[in-house]
Amino acid sequence: MSGGTVAAVDLGATSGRVIVGRVGADVLETTPVARFANDPVRVGDGLHWDILSLYRAALGGLREAVLAHPDIASIGIDSWAVDYALLRGGRMLGDPFHYRDERTAHGVAAVHARMRHAELFERNGLQFLPFNTLYQLAAEDRALLDVADTALLVPDLIASWLTGQNRAELTNASTTGLLRVLDGTWDDALIAALGLPRGLFPELIAPGDRLGALRPDVAAALGARSDLGVTAVGSHDTASAVVAVPMRADAAAYISCGTWGLVGVEVDRLVLTSEALHANFTNEGGVDGRVRLLHNVMGLWVLSEAVRGWERGGHAVDLPTLLDSAAEVPASAVPVFDVNDPRFLPPGDMPARIDAWCAEHDLAPPRTRAEYTRSIVESLAQAFADAVREAARIGRVDVRTIHIVGGGALNELLCQRTADRAGMPVLAGPVEATALGNVLVQGRAAGFVSGSLEALRDLVARTHPPRRYEPTAG
Ligand code: LFR
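What counts and what doesn't
Residues numbered from 1 in each chain as written. Predicted model: local features only at pLDDT ≥ 70, side-chain atom pairs only at ≥ 80, totals over all residues. Pairing = 2+ DSSP bridges. Helix = DSSP H or I, 4+ residues; strand = E, 2+ residues; numbered from the N terminus. Contact = placed C-beta atoms within 7 Å. Axes fitted to C-alpha atoms, helices over the stretch in contact; angles between N-to-C directions. UniProt positions renumbered as here; feature names shortened; annotations may be inferred. Buried ≥ 20, exposed ≤ 12 C-beta atoms within 10 Å, placed from the backbone. Parallel < 35°, antiparallel > 145°, perpendicular 65-115°, else oblique. Left-handed = near helix turned anticlockwise from the far one by under 90°.

*Asks:* An account of the sheet that holds strand β8 (residues 91-92) is needed here, citing residue identities and associated values.
*Replies:* Sheet architecture is open: three strands sit in the order β8-β7-β9, paired in antiparallel fashion. A single partner strand is all that each edge strand has here, and the edge strands are β8 and β9 (150-153). Relative to β9, helix α6 (residues 154-163) is tilted by about 110 degrees, and along the sheet it contacts β7 (84-88) and β9.

*Asks:* Quick one: what's the story with the UniProt feature "domain: Carbohydrate kinase FGGY N-terminal" (unreviewed entry) in the protein chain, residue by residue and with numbers?
*Replies:* Under the present numbering, the feature "domain: Carbohydrate kinase FGGY N-terminal" (unreviewed entry) in UniProt falls on residues 7-243. Within the segment residues 7-243, helix and strand shares are 35% and 27% respectively, and the terminal C-alpha atoms sit 17 Å apart.

*Asks:* I'd love a proper account of unusual backbone geometry, names of residues and values included.
*Replies:* Look at the link from G429 to P430: it is a cis peptide, with omega at 5 degrees. You will see that V82, though not glycine, has its phi angle at about 65 degrees, which is positive. Tracing the sequence through the fold places V82 in the loop between β6 (75-79) and β7. The residue D288 is not glycine, and still its phi comes out positive at about 60 degrees. Among the structural elements, D288 can be located in the loop between β18 (282-285) and β19 (291-297). With 16 C-beta atoms packed within 10 Å, D288 lands in the partly exposed category.

*Asks:* Report on the packing of helix α15 (residues 369-395) against helix α16 (residues 412-422), specifying residues and quantitative values.
*Replies:* As a packed pair, α15 and α16 sit with axes 8 Å apart at the nearest point and diverge in direction by 45 degrees. On the basis of the axis angle, α15 is oblique to α16. Helix-helix and strand crossings are classified by hand; for α15 and α16 the assignment is right-handed. Listed contacts from α16 to V377, E378, L380, A381, Q382, F384, A385 and V388 of α15 are L413, L414, R417, T418, R421 and A422.

*Asks:* Report on the UniProt feature "domain: Carbohydrate kinase FGGY C-terminal" (unreviewed entry) in the protein chain, specifying residues and quantitative values.
*Replies:* The sites that UniProt annotates as "domain: Carbohydrate kinase FGGY C-terminal" (unreviewed entry) are residues 253-446. Split by type, residues 253-446 is 46% helix and 16% strand. Its first and last C-alpha atoms lie 29 Å apart.

*Asks:* How would you explain the environment of V307 if you had to name every residue and give the values?
*Replies:* On the secondary structure map, V307 appears in helix α12 (residues 301-312). It is 9.5 Å that separates the C-alpha atoms of V307 and L322, two residues lying 15 residues apart in sequence. When sequence neighbours within four positions are dropped, the list of residues in contact with V307 reads V317 and L319.

*Asks:* Account for the sheet that holds strand β21 (residues 426-428), naming residues and giving values.
*Replies:* Within the open sheet, the seven strands sit side by side as β18-β19-β17-β16-β20-β21-β22. Their pairing is mixed. Both outer strands of the open sheet, β18 and β22 (467-469), are each paired with one neighbouring strand and no more. Across the sheet, the mean angle from the axis of one strand to that of its neighbour is 30 degrees, orientation sign disregarded. Relative to strand β17 (residues 261-267), strand β16 (residues 252-257) is paired through four bridges, and the arrangement is antiparallel. Across the sheet, the residue bridging to S256 is L262, located in β17. α15 rests against β16, β17, β19 and β20 (401-405) of the sheet, and its axis sits at about 20 degrees to β17.

Take a look at the structure:
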């Protein structure tokens, strides 16, 4: 039988997983081998990722994967974007900060004092997000920057620990704000203008290229063959997810919906127009040189953070039951608020922030947990519909359908209300698009499948047919 097996490490902002993927001309299957929580830690200087725990859990999962499938051809790693560790001589100089840590405000002020956002956009093509890596680096302790010899984004850090090789994978490097959008190389002049040491930024590597074999001690610890190695994938989770959207890119928009809702279109040229600048759209690097023209919508974070707050308050919450009761609340009975308001970015009391937003806009706030949930879902659906319209306009794509992939594809109310508010069909799934995109790029590099992204997406559509939601007038 054609095809083969690879392992994917996919780290999300709330949980991580290791999966084994089988991929071939007519097969695309994933088997989860480990799932683990990603619990950030707040200490004196701010909010950090517990990166060593994540690494340990990833290693545990890889050990399981190798044990069950000794024929695994390669390992691919993806995670959320922008966050990094500083290292010196291979030693990590502190746990990476979480992009929701408030320290980045200083970095934004410091960078914009030297260069306006419009000028940055011309150079790096990115939407303004206060946590883009360049702002974080500008908020960094100068003494640490001076002693560090390398900065690695999270998946590059894990890959470095596995292989001993330091590289910056292109799709994720495109989220730093330090790549020249025109040619995808490090922007030496910008790096110098921001006073950052050029030596921090390693050589770039493209998805599909082999990074290297596991270090001998790692291979031994995993019980793996000595030639098992890491292959670069779209290491930005959103880049991997977009690979596995079963869409026709010339007629569809996608929403990669998990903690964030990444809403956009895929185009084959940069869109650096003033429309894109003013709508705060980004030109992130996609696999195969495609451009992910998208906008960050706050995503399911607002709902999960509200649920965490209720649970901390002693109310056990069962999400499916909560969503069922939210579906019973009439849409007209709840306020639609601006989910993209920056007040919803940091961790905290989401219902109180929704109340404050409503008070400022003369709207009656929700009253029950079901009403808050409905209000969040309606507000997300509206923000999704608006961003799809903008993406179509800015990217000049005749969008006829919206694909929702990621965990949000399981949220029936959200999918239906997005279809209703956008006035077009929503095709939901696959839920595990990020892991599938990771597997597909490795599978293609190993020769188990071949072809363009269109061929890979066709395989996804055949093996993971999406669920269709028709718009209703509601
Ligand atoms: C989604 C994501 C988004 C990025 C945000 C922060 O997981 O990677 O694409 O803007 O997290 O890194």
